[in-house]
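In case you want the letters, here they are:
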Amino acid sequence: MPIPSAAAPAFSRRIPLIVATAFFMETLDSTIVTTALPAIATSFHTHTLDLSLSISAYLVALAVFVPTAGWASDRFGTRKLFAGAIALFTLSSLLCALSPNLWSFIAARTMQGMAAAFMSPVGRLVVLRSTPKARLIEALGLITWPGLIGPVLGPPLGGLIATYASWHWIFLINLPLGLVGIWLVLRYVPNETAQRTPFDLVGFVYTAVALAGLVHGLALLGEVQGSAQVALLWLGCAGVAGVLAIRHALRHPTPMLDLRAVGVPSFSISTLSAGMLARIAINATPFLLPLMFQIGFGLNAFQAGLMILVYMGGNLVMKSATTPVLRRFGFRRVLTVNGALCAAAMAACGLLAPGQPMALVYPVLFIAGMTRSMHFTTVSTLAFADIHAEQRAGASTLSAMSAQVGATLGVAFAALALALFQQLRGAAALGLADFQHAQLAGAALMAVAAAWSLRLAPNAGHEVSGKA
């Protein structure tokens, strides 16, 4: 239940920054473990491939419990739930570091995924309920930067920690962040009156099966050595469960999956259609670039990491310009024009080759990061620009689900594109051309997203952007 307007505090960056810090801890942990898997496997006296189960367990647990966030927010209140989610994430991080073997580590990662499932939608809901619409661009802009930087920073940071310290510190660094985060949430986030809504068990089962099957199936499909038949079976089960979940949600008086926000055109386009295509392209790039620099350019991991820092720098620099640009041009024009620029920058990344001067390579990476940041923040903000107060919990849950699926689809799309272009070349190993063509494929997908954004009304989100 939203806090009464009379009790609503004046807008402050404090709450969005608290939420952003929690988001950064979550998004960083979803990728930082990847490059440390060999070190963890050695510690557990097992194979690196076995540790991939820890990543799958995290992603599946996250997908399964995300749909319950809206119900839990109303039932327990956003402040208590958000603080509890951070506490569980912190505890599970400690258990990961203390794990004596593979299966205890997988169990701890599963618990971590459960906590992350609540952190994202509930944290976003905290910001939505404490921010006036006129300041929504600024507030949501602050909490979107972890989703941009975490996936880029995670792998090199994980490799650095595993190489020069111990893999345990990947999880131990969460302890002080988590404890401070819990205190800040309890101290500064407004309290809310909980409301008792019946738990929709049938809807939860349908939605959980659909999301878990989709995430796991896409993960299998993205593995070069994965079984396509098994992946398609999971995706088929996910499709059937998804249809049943939607059918149930449309008939149930208090469904687990609140679909009312889907009827809002700006939410639908920015989250489920054009926005989803953009998220796939945006999430494919951080997967492709580090590998392209190492395999295609012959750089070592450290040199490739420096190149990615330039890309990340573009992401950071653009954050300060996002709000004035949106206020000047509005959501529709930014999504179409910046979308086209983002596609062009992705295509330019696909034209990079060894031997080219850094005076050319660095600006291309920097501009690609800038346009990526602008687009990510714009679609994330537009999703809630026209949402009414009673729809926010459901919209936040749907947005979190979309982000999770988009991230998984982005990696799967990149991996499938690489495998396809390698097969077309008839080569035994990946080469520079495969990465270049995969980047161009991502650019084409981004161009489609930009064109699809033309379906938005000219004044979409004008209450938030101030551009009529």
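Enquirer: Describe the side chain of Ser-54, listing the residues and the values that go with them.
Expert: Along the chain, the position of Ser-54 falls in helix H3 (residues 48-65). For Ser-54, a relative accessible area of 0% corresponds to the buried category. Beyond its immediate chain neighbours, meaning those up to four positions away, Ser-54 contacts Leu-37, Phe-105, Ile-106 and Arg-109.

Enquirer: Describe the pattern of salt bridges, with residues and values.
Expert: According to the stated counting rule, one finds 5 salt bridges in the structure shown. Residue Asp-258 pairs with Arg-260 through a salt bridge whose shortest N-O separation is 2.8 Å. The exposure class of Arg-260 is partly exposed, given its relative accessible area of 44%. Among the salt bridges present, the one from Asp-434 reaches Arg-425, with a minimum N-O distance of 2.7 Å. Assessed through its relative accessible area of 0%, Asp-434 is described here as buried. Connected through salt bridges with shared partners, the residues Arg-13, Arg-135 and Glu-138 form a single ionic network.

Enquirer: Describe the packing of helix H1 (residues 14-32) against helix H9 (residues 174-188), with residues and values.
Expert: Two elements in contact, H1 and H9, have axes whose closest approach is 10 Å; the angle formed by their N-to-C orientations is 150°. The angle between H1 and H9 places the two elements in the roughly antiparallel class. Crossing handedness for the pair H1 and H9: left-handed. Of the residues in H9, those touching H1 at Arg-14, Ile-15, Ile-18, Met-25 and Asp-29 are Asn-174, Leu-177, Gly-178, Leu-184, Val-185 and Tyr-188. In the contact of H1 with H9, the residues fall into 7 nonpolar, 2 polar and 2 charged.

Enquirer: Quick rundown of the nonpolar core? Include the residues and the values.
Expert: Core analysis: the largest hydrophobic core is formed by 80 residues, its most contacted members being Val-19, Phe-82, Ile-86, Met-119 and Phe-267. Per-element tally for this core: the top contributor is helix H6 (residues 102-130), with 9 residues. Dropping the residues within four chain positions of it, Phe-82 is found in contact with Val-19, Ala-22, Met-119, Val-122, Gly-123 and Val-185. Counting residues in hydrophobic clusters, the runner-up holds 50 residues, among them Ala-162, Met-307, Val-361 and Leu-365.

Enquirer: Now, about H1: what can you tell me, with residues and values included?
Expert: With 19 residues, H1 extends 26 Å from end C-alpha to end C-alpha; this agrees with the ideal 27 Å at 1.5 Å per step. Burial within H1 is extensive, with 15 of its 19 residues counted as buried.

Enquirer: Which residues make up helix H4 (residues 69-76), and what are the values?
Expert: Owing to its 3.6 residues per turn, the α-helix brings residues three or four apart onto one side. For H4, the complete set of buried residues consists of Ala-69, Gly-70, Ala-72, Ser-73 and Asp-74. Looking at the residues trailing H4, positive phi occurs at Gly-77, about 90°.

Enquirer: Which residues make up the packing of aromatic side chains, and what values go with them?
Expert: All told, the structure shown has 11 aromatic pairs when counted by the stated rule. Between the aromatic rings of Trp-71 and Phe-76, the centroid separation amounts to 6.0 Å while the plane-to-plane angle is 90°, which identifies the pairing as edge-to-face. Accessibility expressed as a relative area gives 22% for Trp-71, which makes it partly exposed. Among the aromatic residues, those joined into a cluster by ring pairs are Phe-65, Trp-71, Phe-76, Phe-199 and Phe-204. The ring of Phe-376 has Arg-279 sitting right over it, with the charged end atom 5.2 Å from the ring centre. In this structure, Arg-328 is placed above the aromatic ring of Phe-329, and the distance from its NZ or CZ to the ring centre is 4.9 Å.

Basis of the calculations
Residues numbered from 1 in each chain as written. Predicted model: local features only at pLDDT ≥ 70, side-chain atom pairs only at ≥ 80, totals over all residues. Heavy atoms only, no water. Helix = DSSP H or I, 4+ residues; strand = E, 2+ residues; numbered from the N terminus. Buried < 20%, exposed > 50% of the residue type's maximum accessible area, 1.4 Å probe, protein only. Contact = heavy atoms within 4.5 Å. Salt bridge = Lys/Arg side-chain N within 4 Å of Asp/Glu carboxyl O. Axes fitted to C-alpha atoms, helices over the stretch in contact; angles between N-to-C directions. Parallel < 35°, antiparallel > 145°, perpendicular 65-115°, else oblique. Left-handed = near helix turned anticlockwise from the far one by under 90°. Nonpolar A, V, L, I, M, F, W, Y, C, P; charged D, E, K, R; others polar. Core = buried A, V, L, I, M, F, W, Y, C linked by side-chain atoms within 4.5 Å. Expected span 1.5 Å × (residues − 1). Phe/Tyr/Trp six-rings, centres within 6.5 Å; stacked < 30°, edge-to-face > 60°. Lys NZ or Arg CZ within 6 Å of the ring centre and 35° of its normal.

These figures capture arrangement, not role.
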